[in-house]
Every structure is written in structure tokens, then in C-alpha cells.
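# Architecture at a glance
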Amino acid sequence: MKTKKDKMDTKSWKDIKDTVYGKKGTERRDGLERDFESFKIGLLLRNAREEKNLTQEQLGELVDKKRTYISRVENNGSNLTLKTLYEIVEKGLGGKVTISIDV
């Protein structure tokens, strides 16, 4: 059973990020957030490909990219141009890209 002290020692993920990477708006923290968003894009693409029962090789053929490129995108969505993102999603997966910008 957790004691009151145990509950006080528990930190949220936000608290940990604030402590380790700095508050939102700092260069290091913003870098972490960008890297996480890139990682998320890769996971979304992988999940969509798997839902379509496509291999990386098959998806690559649909969008004229090598399997190794598809693998890199899925494992880390960084260095992915918007043009290529649209090609993979629309041409390769038959989906639609939706992007939002928060200011």
C-alpha cells in the first residue's frame, strides 16, 4: 500500500521533463518536443502501413522509395519532407494528411 510519502515522491512526466530538459520554451525542451513529434509521425506511418497489410518493401514500391528509407522514416520521422509525407500517406496508404499549427 502506498503511503502519503510515496505519493509525494511520485513525479509526473511533465515534472520530469521540466527538471531534466527545462521548462517549455527553452531550446533543449523544444528540441525534445520536436523529436517526440517526429517519432510519433513514424509510429503513425508504421501503424497505417500495418493496417493496410503492406510490407515496407511494398509501400516503398508504391511511392518509389527504397525499403530502407521507409524503415528510417518509421523509426524516426525526422528529415521527412512534407512532399514525401504526402506521397507516402496519399499515394502509398490511400489516406489524407492533416496538419495543424499552434502559435
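Thresholds applied
- Residues numbered from 1 in each chain as written.
- Predicted model: local features only at pLDDT ≥ 70, side-chain atom pairs only at ≥ 80, totals over all residues.
- Heavy atoms only, no water.
- Helix = DSSP H or I, 4+ residues; strand = E, 2+ residues; numbered from the N terminus.
- Rg over C-alpha atoms; globule rule 2.2 N^0.38 Å.
- Buried < 20%, exposed > 50% of the residue type's maximum accessible area, 1.4 Å probe, protein only.

### Here's the deal with the overall build of the protein
Regarding its fold elements, the protein presents six helices and zero strands. Walking the protein from its N terminus toward its C terminus, one meets helices and strands in the order α-α-α-α-α-α. For 103 residues, the compact-globule estimate of 2.2 N^0.38 gives 13 Å, and the C-alpha radius of gyration of the protein, at 18 Å, exceeds that figure by more than 25%. With the C-alpha coordinates of the protein rotated into their principal frame, the extents come out at 55 × 35 × 25 Å.

### Looking at the environment of Ile101
Along the chain, Ile101 falls in the segment after helix H6 (82–92). Accessibility expressed as a relative area gives 72% for Ile101, which makes it exposed. Separated by 68 residues in sequence, Ile101 and Glu33 place their C-alpha atoms 14 Å apart.

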